[in-house]
Amino acid sequence: MASFTERMVPVLVLWLAVCLAETWAVDRGNFKTCDQSAFCKRQRALKPGESPYRALLETMELTNTRLTLQLINDNNKVRLLLELYRLQGNITRVKINELKPLKPRYEVPDVLIREPPTEPLSLLSQDENGVVLSLGSESQRVIISARPFRLDIMEGSDVLMSLNSRGLLTFEHLRMRKDTFSYKVTSTVASVWDNIKRVFSSQADPEAEKKEEADPANQAETTKEEEEKVEDGMWEETFKSHSDSKPNGPSAISLDFSLPGVEHVYGIPEHADTLRLKTTENGDPYRLYNLDVFQYELYNPMALYGAVPVMLAHNTQRTTGIFWLNAAETWVDISSNTAGKTVFGKMLDYVQGSSETPQTDVRWISESGIIDVFLMLGPTPKDVFSQYASLTGTQSFPPLASLGYHQCRWNYNDQEDVQSVDAGFDEHDIPYDFIWLDIEHTDGKRYFTWDPHKFATPKEMLQGLMDKKRKLVAIVDPHIKVDSNYKIHNEIRSKGFYIKNKDGGDYEGWCWPGSASYPDFFRADMRAWWASMFAYDQYEGSMENMYTWNDMNEPSVFNGPEVTMHKDTVHGAWEHRDVHNLYGFYVQMATAEGLIQRSGGIERPFVLTRAFFAGSQRYGAVWTGDNAAEWDHLKISIPMCLSLGLVGISFCGADVGGFFKSPSTELLVRWYQTGAYQPFFRAHAHLDTPRREPWLFGPENTALIREAVRQRYTLLPYWYQQFYHAHRTGEPIMRPLWVEYPQDPATFSCLNLFVCSQVWFDIHTFQKHNGAQNLYIPVTMSSIPVFQRGGSIIPRKVRVRRSSTCMEHDPYTLYVALNLQRTAEGELYIDDGHTFNYEKKEFIHRRLSFAKNILSSVNLAPDAQFTTRSWIERVVILGASKPSKVTLQTAGEYSQLEFDFDASMSVLTLRKPGMNAGADWTVMLQ
Amino acid sequence: MRFQVIVAAVFWSGFVESRKVRGISSSYKRFYKERKSFLCIDGSKIIPFEQVNDDYCDCEDGSDEPGTSACPRGRFYCTNLGFRPHYIPSSRVNDGICDCCDASDEYNSPAHCQNTCWNLGQKERAYVEGQMRTLDEGLRLKQQLIEEGVLLWREKQAQLRELQQVAEDLQIKLEEHRRRKHEAERLKEQTLKALEAGDSGLRHQNRTETSIFQLLDSNKDGSITVDEVKTKVVLVHDEERLLSEDEALGLLGGGHQIDLTKFRRTLWDVLTRGDSVKIKDTPGSDDPHLEAADKAAEWEATNLKKVEEAYETVNMEISDLRKKLAIDYGTDWEFLFLNSQCYKLKVYEYIYTLCPFNQVTQKNTAGTEVSLGSLSISPHIHQPLEHISKVLPGQLSFPSEEVLPSAR
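- Under an unreviewed UniProt entry, the name given to chain A is Glycoside hydrolase family 31 N-terminal domain-containing protein, and the organism recorded is Amphiprion ocellaris.

If you want it as structure tokens, here you go:
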């Protein structure tokens, strides 16, 4: 069984085709193009050709778990160290660093959930041209070629992936600045000292001498090192009025990957672009650099709020992935030998049986750090998800309530406003779980505080919500107002926890509160302190039904270069340049940890973040930032969240209604209808826009929105089970069709058609559609084209109440949609909905299956213990034939069930079978 | 075994009996009479009566489950004995939140709802009574205000009439005074002309030694003293300056007083030469007719001015009063009292001063005062209040119509 959410994608496209283009957009001049980013320009100027790198096979060392090998750049004689690991689960890790860097280069910590467990590598053959290693039982091999250096991963006679096949490996080694006085002094002194040392050591330390001799080339090479030509932007760079001092000089890295047989690549979010990545030869590469982009533009490769350096490649035979573990500014170039070929041209190739195989080439360029890349070799999409999950973890399992509807606005003005919006939902009988407070709730943008006039008694407000079994989210941004009367600021400053500017003082930038400083979340002690601030006795006015939203954590610095932090600010031993894309990741990590700690480790946290990195899925939800009330933005929310799902971040949503500007009523209704079927479902609006609570657009539209939200709530059991599944497996919740139909090329580009030999049922009308056809579905304002796939069983709770918590003990209705083989499968997951007790096996997990006219519920977790008051009130079987008798067997008892059969739609409804949702039972149709 | 089934059935039907009333208002009871079967109220389906309120939704319209949460579109009737009955959506039945004050919606839930209807009813009744009292009080006050308003209105009307009368009178008076002033001026003019005509001769003829001596001899004692010289004689070229003691002595030929004879030889000589000193010029003063005419004209001018001022004042008062009377004070002048009242209101750091029918100002803690315009008030009673609340930032509550007078 699979999520059906993606199923609506093709159909949505139909009615979204009426998009209105508008010339309202980002100020591009505020953000760098590759040409304006010195290292990108430098690297991109390098064209494919023979690589100057050579593998020194004689330096190869192979242990049980890893292979090391030196590479040498024949132009400048700088040596690199290559490490190669075979990791459990069909992953190959390739690490390349300078053999002897002038100072350590940054290696990303905390993103991997552990040091990945290795599997033995074995040498198959070796000669002067290279080595061949086996990657375990499958016929997978790694071939390392020596001159020039390249690395190929083979399966049988097929090349899965090649590294440096286009010779674009570069490693700007760390160096002293030559035009400075200090360099000259140091280098002279150093060489004198070296000479002295050698004289003494040759007599006193024969071991050392031997070592020197063993490496004679090294000596010769380093002394002969070529004069590097100094280019602009190596030691200093200016963008607009901002200068970047670059005390460490050039440090960029780059590597190319060739993917034979691949025409479709996906991933590397976050970009406001199509799901399938485009080739970048005629424009800028895709950029990964967390930025607060004001009024972002659609369909281009500009950087946005988050960065996950993971790319998936897919064809009918195989899915693979590349995880480039680097937190510095990164650019990704994509080219393809089939790009630009018309469909006719491709067909001609096919008919003539000629031509090269299609191939996609990818090149990654990062400003600093090392090359640390994980090659996830599939072969299925689900294998890649599980491989990536084994490295960075899975989606955190959110509290059930957070899957409900969220009502947000910048801003709900005061407690009375919150109360009246809350009452509005009851009055209009629309369920919701969370109401949100944006920055205005604070005392002068001092996070962790409340406006003394507008939110004088926050606990009263929270208690009022709690009485209705509802919750609240209050924003806590990472920029801290510089104000000596502000406790949080004083503590951070006195502990020295702020990020430092290049001169050693606390870095100050401009953000919502005016002058602000930025805590150094890269410090574990800082994160621990931050987490402790969420304790109920620290965060005044907070209660257990209050959760947190981290915004502006790219970090956003209004007066900084590209609206973010200067790259030469200092985090301990590292420059901001090295770590930038990790800032938001750490902010959310520390905040989530705070929410866990305040409950004594019992309650699951809920934290929404705008900036993210690989691994952010472990800490909560993300949203697509400050979008706009336009049809195109509604449309882009689908590929944006699909892309995030592919790289592990399933809990994704877009601001329903659009953040900037005011939506037309039709757009708003459509957005609710779409948002109801996306994982994170929150309406949000800019301060300057008119109010848009769901009941402000006339009774008809209120009814449409109510219906969309209610559909969401009936499906909460399914969403919850999907999240549990994502939490266990790392598989995305919202999926492109190709993930489900990896062998059907028509799904790869996710166009407005789907071709699948399946049966589909409209979830509202139970109308049956056969697959393998182009289907045009007429829609009205009230219809949301959503289909349940034949072969699936979906549990729903159809008694929609005020909030998800109110529905906790409600009975289930099972929707069984039969496929052509008249079978179906599904799962049911139940636990307390909010604690970590599921980790202590306190849950119910059942497999529901229908085959041979028998529907049964089987325990998938016999060692787990949980009791529920929920029961099965109804079973609806779609595509059924009329039985003469229906018998339920549970706890050894047999009973006859009443049923109703609708012959026109082939829908069989079993009336009130009544068994407990956690019990073993069987229903027989005769 | 069979016996057990029968017993169970008896219990069951008993249960049905007690259950079937749940969630139904008395007006709907006729649909739920205990029969073999139940017809969904929309007529769409017939089901066995046992399936009413059995926690499974059979009817499309939800009518078979008025007392459970089973139907998505159902509603539950809270009887709320002692308070106000009302419907809630079925989804609020047994959701753990007390919605009906009689706790009837949470009959199978962990929420421990108390029957609070009696208390609520009490409160409501007390509230309503309070409201009634306030209403009565308000109405009484309103009546009083109306009476006051009417009186005030009449008073003002009378005042207006009075003023108008005064104005009319003043008008007549004004005419009279204008005429009189004119007459007096004419008279004065005539006198002056007459004087000037014959008199240039008369004056000079009379200027004999004796007449001048007599003129200078202010106390008529037959001699002229230094002081008398000083008061009546001045320098030709500097009429303003008083003569000094020595100068006067000089004019008197060195003596302190002179008789007529001596006068002829001394001062008279000097005076007739006319190039150094002369008799102080006091035209008219020496003519009683002219003096009288002058005084009369002056008197009349002053009188006219006074009357004019009075007339202007009265007219202004009339215009003021008319303006005030032109404002709509409600059908019975019940808002008349608001005129000339001002109210102060503190909102955060601002103090607002609201003067109905007049100015609204905002003053901040720094003391800066901003006028927010005038508070014009139009025919219907509630509009002025809405008017005010639009001027001010949210969350202000204004006294209702009935309570407003007590804000006095």
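Following the structure, the description resumes.
Focus on the overall build of chain B
Stage number 1. Within chain B, the secondary structure is distributed over nine helices and twelve strands.
Stage number 2. Going through the 408 residues of chain B one by one, you find that 35% of them count as buried.
Stage number 3. Counting only contacts in chain B whose residues sit at least 6 apart along the sequence, the fraction spanning at least 24 positions is 44%.
Stage number 4. On chain B, roughly 25100 Å² of surface is accessible, and the fraction owed to carbon and sulfur atoms is 55%.

Considering the state of the cysteines
As used in these notes, a disulfide is a covalent bond between sulfur atoms, one from each of two cysteines.
All names here are of chain B.
Stage number 1. In total, this model carries eight disulfides over all chains according to the counting rule given.
Stage number 2. Two residues, cysteine 57 and cysteine 71, share a disulfide whose sulfurs are 2.1 Å apart. Residues cysteine 57 and cysteine 71 are joined through a disulfide that is right-handed, its torsion about the S-S bond being 110 degrees. One end of the pair, cysteine 57, is in the loop between strand 2 (46-48) and strand 3 (75-78); the other, cysteine 71, is in the loop between strand 2 and strand 3, and 14 residues separate them in sequence.
Stage number 3. Judged by its relative accessible area of 15%, cysteine 57 falls in the buried class.
Stage number 4. Its relative accessible area of 2% is what places cysteine 71 among the buried residues.
Stage number 5. Sulfur-sulfur distance for the disulfide between cysteine 101 and cysteine 117 comes to 2.0 Å. Taking the torsion about the sulfur-sulfur bond, which here is approximately 100 degrees, the covalent link between cysteine 101 and cysteine 117 counts as right-handed. Residue cysteine 101 is found in the loop between strand 4 (86-89) and helix 2 (117-205), and its partner cysteine 117 is found in helix 2; the two are separated by 16 residues along the sequence.

A few points about the pattern of salt bridges
Pairing between side chains of opposite charge can happen when their charged atoms approach one another.
All names here are of chain A.
Stage number 1. If you walk through the whole model with that rule in mind, you get 70 salt bridges over all chains.
Stage number 2. Linking aspartate 426 and arginine 802 is a salt bridge whose minimum nitrogen-to-oxygen distance equals 3.8 Å. Of the two residues, aspartate 426 is situated in helix 8 (residues 415-427) and arginine 802 in the loop between strand 38 (792-796) and strand 39 (812-817); the sequence distance between them amounts to 376 residues.
Stage number 3. Of the residues examined, arginine 802 reaches a relative accessible area of 6% and is grouped as buried.
Stage number 4. Put simply, Asp244, Arg287, Glu329, Glu367, Glu562, Lys567, Glu575 and Arg577 are held in one network by salt bridges that share partners.

Description of helix 7 (residues 381-392) of chain A
Residue and element names in this part refer to chain A.
Stage number 1. The end-to-end C-alpha distance of helix 7, which contains twelve residues, comes to 17 Å, matching closely the 16 Å that a straight helix rising 1.5 Å per residue would cover.
Stage number 2. Pro381, Val384, Phe385, Gln387, Tyr388, Ala389, Leu391 and Thr392 are the residues of helix 7 that are buried.
Stage number 3. Glycine 393, located one to two residues past helix 7, shows a positive phi value of around 90 degrees.

A look at the nonpolar core
All names here are of chain A.
Stage number 1. By size, the foremost hydrophobic cluster in this structure holds 153 residues, and its most contacted members are Phe323, Trp530, Leu582 and Tyr672.
Stage number 2. At nine residues, helix 13 (residues 583-598) tops the list of elements feeding residues into this core.
Stage number 3. Setting aside chain neighbours within four positions, we find tyrosine 672 in contact with Tyr405, Gln407, Val656, Phe681, Ala683, Pro694, Ile705, Ala708 and Val709.
Stage number 4. The next biggest cluster of nonpolar side chains, apart from the first, holds 50 residues, and it includes Ile144, Leu160, Leu169 and Ile371.

Examining the pairing of strand 6 (residues 130-134) of chain A
Residues and elements named next belong to chain A.
Stage number 1. In terms of burial, strand 6 is largely enclosed, as five of its five residues are buried.
Stage number 2. Here strand 6 shows two buried faces, one formed by Gly130, Val132 and Ser134 and the other by Val131 and Leu133.
Stage number 3. Where strand 5 (residues 122-127) and strand 6 come together, five bridges link them in antiparallel fashion. For serine 125, the partnering residue across the bridge sits in strand 6 and is valine 132.
Stage number 4. Between strand 5 and strand 6, which pair antiparallel and follow one another directly, the connecting turn spans two residues.
Stage number 5. Where strand 6 and strand 7 (residues 140-145) come together, five bridges link them in antiparallel fashion.

So, the sheet that holds strand 36 (residues 768-770) of chain A
All names here are of chain A.
Stage number 1. Strand order in this open sheet of three strands is 36-35-37, and the pairing throughout is antiparallel. Only two strands of the sheet have a single partner each, and these edge strands are strand 36 and strand 37 (787-789). On average, each strand axis in the sheet is inclined to that of its neighbour by 30 degrees, with strand direction left out of account.
Stage number 2. By the bridge criterion, three bridges tie strand 35 (residues 759-762) to strand 36 in an arrangement that is antiparallel. By the bridge assignment, phenylalanine 761 is partnered in strand 36 with lysine 768.

Quick look at the interface of chain B and chain A
Stage number 1. Facing 23 residues of chain B, the contacting portion of chain A comprises 24 residues.
Stage number 2. Both faces combined, the contact of chain B with chain A buries some 1900 Å², and carbon together with sulfur accounts for 37% of it.
Stage number 3. When the buried surface of chain B facing chain A is broken down by residue, B:Tyr56, B:Arg92 and B:Ile97 rank first, second and third, together holding 32% of it.
Stage number 4. Summed over the shared surface of chain B and chain A, the number is seven salt bridges.

Remarks on the packing of aromatic side chains
Stage number 1. Within the structure shown, the criterion is met by 59 aromatic pairs over all chains.
Stage number 2. Both rings, one in A:Phe448 and one in A:Tyr539, keep their centres 5.1 Å apart while their planes meet at 70 degrees; by these two values the pair is edge-to-face. Separated by 91 residues along the polypeptide, A:Phe448 in the loop between strand 22 (434-437) and helix 9 (458-467) and A:Tyr539 in the loop between helix 11 (524-532) and strand 27 (546-550) bring together distant segments of the chain. Considered together, A:Phe448 and A:Tyr539 belong to a single accessibility category, that of buried residues.
Stage number 3. Seen from their ring centres, B:Tyr77 and B:Tyr87 are 5.0 Å apart, and the 65 degrees between their planes marks the pair as edge-to-face.

Let's talk about the UniProt feature "domain: Glycoside hydrolase family 31 TIM barrel" (unreviewed entry) in chain A
Stage number 1. Per the UniProt record, "domain: Glycoside hydrolase family 31 TIM barrel" (unreviewed entry) is found at residues 396-721 of chain A.
Stage number 2. In this annotation, residues 396-721 of chain A is assigned 34% helix and 13% strand; the end-to-end C-alpha distance for the span is 13 Å.

Brief notes about the side chain of A:Gln711
Residues and elements named next belong to chain A.
Stage number 1. Positionally, glutamine 711 belongs in helix 16 (residues 698-714).
Stage number 2. According to the relative accessible area criterion, glutamine 711 is buried, its value standing at 8%.
Stage number 3. Those residues in contact with glutamine 711, other than ones at most four positions away along the chain, are Tyr677, His764 and Ile784.

Focus on the sheet that holds strand 25 (residues 508-511) of chain A
All names here are of chain A.
Stage number 1. Strand order in this open sheet of three strands is 24-26-25, and the pairing throughout is antiparallel. A single partner strand is all that each edge strand has here, and the edge strands are strand 24 (480-481) and strand 25.
Stage number 2. Pairing geometry for strand 24 and strand 26 (residues 514-517), over two bridges, is antiparallel. By the bridge assignment, isoleucine 480 is partnered in strand 26 with serine 517.

Here we look at the environment of A:Asn337
Residue and element names in this part refer to chain A.
Stage number 1. Here asparagine 337 shows up in the loop between strand 18 (330-336) and helix 6 (343-352).
Stage number 2. Assessed through its relative accessible area of 23%, asparagine 337 is described here as partly exposed.
Stage number 3. Sequence-wise, asparagine 337 and threonine 357 are 20 residues apart; in three dimensions their C-alpha atoms are separated by 8.6 Å.
Stage number 4. With sequence-adjacent residues up to four places away left out, asparagine 337 is seen in contact with Glu356, Thr357, Pro358 and Gln359.
Stage number 5. A distance of 2.9 Å separates the side chain of asparagine 337 from the backbone oxygen of threonine 357, its partner in a polar contact.
Stage number 6. Here the side chain of asparagine 337 touches glutamine 359 through a polar contact of 2.7 Å, landing on its backbone nitrogen.

Reading the values: the criteria
- Residues numbered from 1 in each chain as written.
- Chains lettered and ligands numbered in written order.
- Predicted model: local features only at pLDDT ≥ 70, side-chain atom pairs only at ≥ 80, totals over all residues.
- Heavy atoms only, no water.
- Helix = DSSP H or I, 4+ residues; strand = E, 2+ residues; numbered from the N terminus.
- Buried < 20%, exposed > 50% of the residue type's maximum accessible area, 1.4 Å probe, protein only.
- Contact = heavy atoms within 4.5 Å.
- Areas by Shrake-Rupley, 256 points an atom, 1.4 Å probe, with all protein chains shown as cover.
- Disulfide = S-S within 2.5 Å.
- Salt bridge = Lys/Arg side-chain N within 4 Å of Asp/Glu carboxyl O.
- Expected span 1.5 Å × (residues − 1).
- Core = buried A, V, L, I, M, F, W, Y, C linked by side-chain atoms within 4.5 Å.
- Pairing = 2+ DSSP bridges.
- Axes fitted to C-alpha atoms, helices over the stretch in contact; angles between N-to-C directions.
- Buried area = accessible area lost by both parts, 1.4 Å probe.
- Phe/Tyr/Trp six-rings, centres within 6.5 Å; stacked < 30°, edge-to-face > 60°.
- UniProt positions renumbered as here; feature names shortened; annotations may be inferred.
- Polar contact = N/O pair within 3.5 Å; in protein donor to acceptor, adjacent residues only side chain to side chain.

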